[in-house]
Every structure is written in C-alpha cells, then in structure tokens.
Amino acid sequence: MSLLELTLKNVRRSFGLYTIYLLAMVIGVMIFFSFASVMYNGDILDALENRQNFQTGFTIASVVLVAFIVLFVLYANSFFIRQRKKELGLYMLYGMNERHLQLMLLYETLALGAIALVAGGFAGGLLSKIFGSLLMNLMEYDQVVSLSFPVPAMLATVGMFVVLTAALAIQSHLLLARVQLIDLFRARERTEKPVRTSAALALLAVLLLGSSIAIIASGKQSAFWTDYASASMIYCAVGIIAGTYLFIRQFAGWLLQRLSRGKRYFGGNTVLWSSSIRFQIRGNTLNLSFISLFSTVLILLMCFVSINYSVQFEAVGRNLPNDVAYESKSKAVDDEVKREIEASGHGIEGERALTLLRAEAVTDPGAAFEHPEYFFPGVLLASASDYNAVVAARQDNGKLLRLEGDQAVSLSQGMDFPESLPDGGVGFTVRAASETTFKLTEKRDYALLGWASDPVTSMVKKPAVLVVSDAKYAELKERAEPASYIIYDIADAGSAEALSKRLHAIVTKEPGTYYSSFADVYSKQIEGSSLLLFASAFLALIALFALAGVIYFKQLREATEAQRQYAILRKLGVGKREMMSVIRKQLLFVFALPLLPGLVNSWLIIKTYILDSVQDFPNLTGMVWGIIALYFLIYAGFYLASANLYYRIANRPV
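Scope of this entry: the structure provided in the associated data block. (Residues numbered from 1 in each chain as written. Predicted model: local features only at pLDDT ≥ 70, side-chain atom pairs only at ≥ 80, totals over all residues. Heavy atoms only, no water.)

### With respect to the overall build of the chain
Under the convention used in this document: Helix numbers and strand numbers start at the N terminus; a helix is a DSSP run of H or I with at least 4 residues, a strand a run of E with at least 2. Here, residues are in contact when the closest pair of their heavy atoms is within 4.5 Å. For accessible areas, the Shrake-Rupley method is used with a probe of radius 1.4 Å. Any residue's cover is judged against the shown protein chains and nothing else.
Helix and strand counts for the chain stand at 20 helices and 12 strands. Across the chain, the fraction of contacts at a sequence separation of at least 24, relative to all contacts at a separation of at least 6, is 84%. If you sum the accessible surface of the chain, you get close to 30,500 Å²; carbon and sulfur atoms cover 61% of it.

### A few points about the side chain of serine 306
Rules: We call a residue buried when its accessible area falls under 20% of the maximum for its residue type, exposed when it is over 50%, and partly exposed in between, using a 1.4 Å probe and counting protein chains only.
Secondary-structure assignment places serine 306 in helix H12 (residues 270-319). Judged by relative accessible area, which is 8%, serine 306 ranks as buried. The contacts of serine 306, once residues within four sequence positions are left out, are Leu533, Met623 and Ile627.

### Digging into the packing of helix H18 (residues 563-571) against helix H19 (residues 576-609)
Worth spelling out the cut-off: Only C-alpha atoms enter the line fits that serve as axes; for helices the fit covers just the stretch in contact. Angles between N-to-C directions range over 0 to 180 degrees. By the convention adopted, Pro, Cys, Tyr, Trp, Phe, Met, Ile, Leu, Val and Ala count as nonpolar, Lys, Arg, Asp and Glu as charged, and the other residues, Gly among them, as polar.
Between H18 and H19, the shortest axis-to-axis distance is 12 Å and the interhelical angle comes to 145°. Here H18 contributes Tyr566, Leu569 and Arg570 to the contact with H19, which in turn contributes Met579, Val582, Ile583 and Gln586. Its residues placed into classes, the contact of H18 with H19 shows 5 nonpolar, 1 polar and 1 charged.

### Regarding the pairing of strand S10 (residues 465-468)
Spelled out, the test is: Pairing between strands requires that DSSP locate at least two bridges from one strand to the other.
Residues Val465 and Val467 of S10 are buried on one face, and the alternating residues Leu466 and Val468, pointing to the opposite face, are buried as well. Strand direction decides the pairing type here: strand S3 (residues 379-383) and S10, joined by 4 bridges, are parallel. For alanine 382, the partnering residue across the bridge sits in S10 and is valine 467. Judged from the 4 bridges that link them, strand S4 (residues 407-411) and S10 form a sheet pairing that is antiparallel. Bridge assignment links alanine 408 to a residue of S10, and that residue is valine 468.

### Digging into helix H15 (residues 470-477)
We count it as follows: Working note: the arc is built from the helix axis to C-beta atom directions.
Within H15, burial applies to Lys472, Tyr473 and Leu476. Along H15, the residues classed as buried sweep out an arc of 100° about the axis, all on the same side. Considering only its buried residues, H15 is in contact with strand S2 (348-361), S3, helix H14 (384-393), strand S7 (434-444) and S10.

### Structural notes on the pattern of salt bridges
Let me state the cut-off plainly: We define a salt bridge as a side-chain nitrogen of Lys or Arg found within 4 Å of a carboxyl oxygen belonging to Asp or Glu.
The final tally for this structure, using the stated rule, is 12 salt bridges. For glutamate 475, the salt bridge identified is with lysine 472, shortest N-O distance 3.8 Å. Here glutamate 475 and its partner lysine 472 are both found in helix H15, 3 residues apart, which amounts to about one turn of the helix. Lysine 472 sits in the buried class, given a relative accessible area of 17%. Ionic contacts of the salt-bridge type, sharing partners, join the residues Glu327, Arg358 and Glu481 into one network.

Purely spatial values, then, with no claim about function.
Structure (structure tokens):
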C-alpha cells in the first residue's frame, strides 16, 4: 500500500477527527480570504480618499491575522497528532520510518489544505461582499460593493497557505523527532496529580487581584495615578498577571479542596465533576491564565476601537467646528476664497466675521489651557457677545456664557474633565499693550475656531482663546492688536477635500496664516477609525477562535483520555443524563474560570479610563456591554460545542 493510499484510508477511517482539524483550516482560510478580498476590492478602493493608508493598514493587519491563524491551526494540529500517536506508533512498529510518517502527514495536510482552500476561499469570497458593504457603511459611503474574487487576494491566500503548510510540517517533524516508539504508545497515559494548594497563596491571589482592581477603580484623578502613576501601573500589571495565575492555580484549587471536605461532597454528582477538575488544574493553569489575560486585552481592544469609531463623527465636529475658517489678512484673498467656494458646487450656507484681540500670556498658559504644547503661542481674546453669537448659530445653547467685570473663561478644547474654578476665580495675566489680570472662572472643553488644519498633515495646532466680558473687551480693543477671522458654513462639508486644498493654497500664501477646514480631517479620521474597527474585528474574531480553541482541543483530548473512566461509570449504572450533567459542570468550571477575571478587569479599565472621559456620549456604555455580551455568547457557544463533543467522545466504546 502506497503512502497516498494509506493517507486516504486514514481519512475515511477517522473522518470525525479529520473533520475537526479540517474545520480549523477552513475557518482560517475563510477569514483571511474575506479580509484580503476586501483589501483588494476595486469598488472599495475607488471610494476611498486615502487609498495608500488603507492598503498599508490592511497589509499590517493581514500579517498579524496570518500569525493568529497559524497559531490557531498549529494548536489544532498538535491535538490532531497527539490523538493519533498510538496509530503512528503502530506504523513505526510495522517498519515505517520517521521520514515516511512525515511524508504521510504532509500528504494529509496538503489534501486537507486543498479542500480548505476551495471551501474557505469560496465562503470567504461570499462573505467579502458582506464585509465590504459593512466597511462602506462604517465610512458612510454610498459605494455599492460587487462580489469579486480578486487575483491578488487569491495569491495572498495561497501564500498564507504555503506559510501554514511549512509551519505544520516543521511542527510535525519536531513532534515526531522528539519521541521514542514507546512514547507513542503511552502518549495518552497521564499521571497528573492534584495541585498542592495553600490557603495563604489563595488569599494572596485575592489580595493581588482585589488591590489591583481597587487602584484601577479609583480613577485617573486619584493620588495613585496623579502622584504615583508609574508605580501604580507596574503594580497593577504585576498584580493582575500574578493574581490571575494564582487565582486559577491556587484559589480555584483551594476552593475545590474545601468543597471535597464538605458534607454534601458525596451527594449528587459533585464528586464526579470536581475530582476530575482537581487533576486538570495543574496542566491547565498556564493555558487558562493566558486565556484570561488575553481576553482582557481582546475586549479592551474591541471596546477601544468601537468607542474611537463612535466618537469620531462628533469629535471631528468638536475639534473643527467650522466648515472653513481662516485668518483674514487682505480683501483680495477674501474675495478669491469666496469665488472659489461659489465655483466649487459647495453652496455657502452661512458666513460670519469674527474679530479677536491678540495678547501674550504672562501667567503660565498651562494654568488656563490643558496641554499647552498643542496650542499656538499667544492668546486670542473674544468678547462674550461674539462667543454667544457663534454658539447660538451652532445651536449649542447649553454652552452660552454670562461674564461680568474681569471674569474670563478659557476654551481649552480637548480636556477630559472640564473644570469650574473656585469662587472668585484664579488670576490669569495677559499682555495686550499693557498687562491685564483676569479672574479665570472656568476651563471649558469647547472650540471657537478649532484646530488649524492642512490637507496633507491633517491637524496642526489650535488657537488659545480666552472669552472675556464685553466691557473688558471694549476696554482692551482700543490698544490691543486685532485679528480678523472669516467663517463659512458650506454644503456637504465632509466631501470638500478638493476644495479645501485650493483654499489652503490661497490662504497660506502668507506663511503662518491660520486655516481650518472640517474636510481636511473628516475623511482621514473616519476612514482611519473605520479601518481600525474593521481590522480589529477580524483580529478579535480569529483570536477568540484561537483562545476558545485552546480550551476546546484541550478538553477533547482529555475526553479521549477519560474514556475508560466513563466506561466504568456506565457499568456502575450512571445514566446518560447524569453523565451529561457531570460533563457540563466540569467544562463550565474550566470555561468560566478564565472568563470571569477577564470580564471584570476589562470592564473596570474601560469604565474608569475611557467611558468616564467621554461622558458626553451616553450611548457608549450600552455599546460596551453589547461587545462584552457578544464575546460572552461566542465563548458560550464554544462551551456548548465542547460539552456535546466531549460527551460523544467519552461515550465511545473503549
């Protein structure tokens, strides 16, 4: 019998085992090809304003995606070979050498890979139309995405398969080269012992996790993060990592040990499912700890990019509230700008002039403007009436101001936490011909002019604006240098990139002139955040498959090794319903153990350091809970699938 005939016979005889391995390969190919098809889809590329950035980002993401797919399939292959080591030992006993076994495994990999390429490629191509349309919706483009199988995507998928095949061949060689013949026959035998537990170490696990969670929950305005940020970060990282490891190895083991000493231990089926877990904890600690920590990172990633995407539409408007705004320095330039806008097809929907006063900050600018390095040097003084007129035109009525005497409010846009200063205000001195001290009553997260922009480099810096009372403005106007600004509201401002390039060239003929355009940032920010969300979703999907697959394949291997024990239970009269209950409780403990710390840690970090900073977006909390719920449901699906397959394997005749 040739190796090829033997390979085909193996596939027919152990079709169920090969199906699990094949499914892992099909999922990997399907996800990668659908991702690559989106990257090379002509309809999508035609709709983008920043095609080069899009393809660069997708290329980087595809490399990371390949790494996850390879790791996922390698773990499946490890399970696959371990399940067959006794069979491989028989082949060696009958005269086959290591090279023959490796060739046989290579043939199997190529055969299964060919099926995976066809099935996964076809399914991925169909999904790519759905994913492409989803990406266009995320970017709020009306482009219709056609079903296509781009040649570059096919070549990239074949390249990924070549890398995957080479990795599998190397892994198979290492797995076979490191064992003797006797090891192959004893591969399924284990002599695991219950992990030694200590009440002190179990308590240490609770203290490490509890104290780390308490520091995180204290908020970034607490002394832990304002005065001891580096030490707190190191402690929380060490506490969460070490605490998670000890929680799984010591606290869970101690809990099971205490359970075994309880009066109800021998009642029901508690003894059956808990005793098995006590023997598994030693070998599963590292896997479960990694899954717990990586689950935290994965949920944080998805929540962060989802929040980033959700706030972009409004955040761009807050950072650049004017469709077009520039510093007026000559009537000729003003006329040329207006003619250019009128000729562009973007109708003028509003126009206003704004006169501010130039001043220099005598007091440290950081007292009025958070992160002063992001602001232009100097301070612009605006009257309360001019400020309120702009606010009313934007319909931001909750932002109106009433100032009297020497009261002032700084527009420190980009603040995480706007600040109302103590009664009477804090002194802030500026020089406008002569020195004047204002009573700063509030630091407000609001933009009158917004960031200066550039069609190429996007946002540059932002003007530092101080709103003062009308009386004080009138007094200073007599001796301070004025600065005139023109603000336009135009139709379809989000798609005015071409117009903005022309206007920028006109306005900045005199270097250093302020120019700001909503369009310069909008398409870049929206496309960038959409790409980040889309790519992260793919990475999170395959990473979740890999994480749950670690437990899934581990439990299937243990189900095979426990067949004799379950055969004995059947002979003792344990029914199918009781046995299924034992398996579900056992796997529930294993699946839930790493999930709970991951969910708690990720929620606290997101709540404290992201949601509390964007309180103006109340819908984000529901979105975060939705992501956590989706993660939980997918994870629960793996649990149910594992329980059902575990039951079928455990009940096979020995």
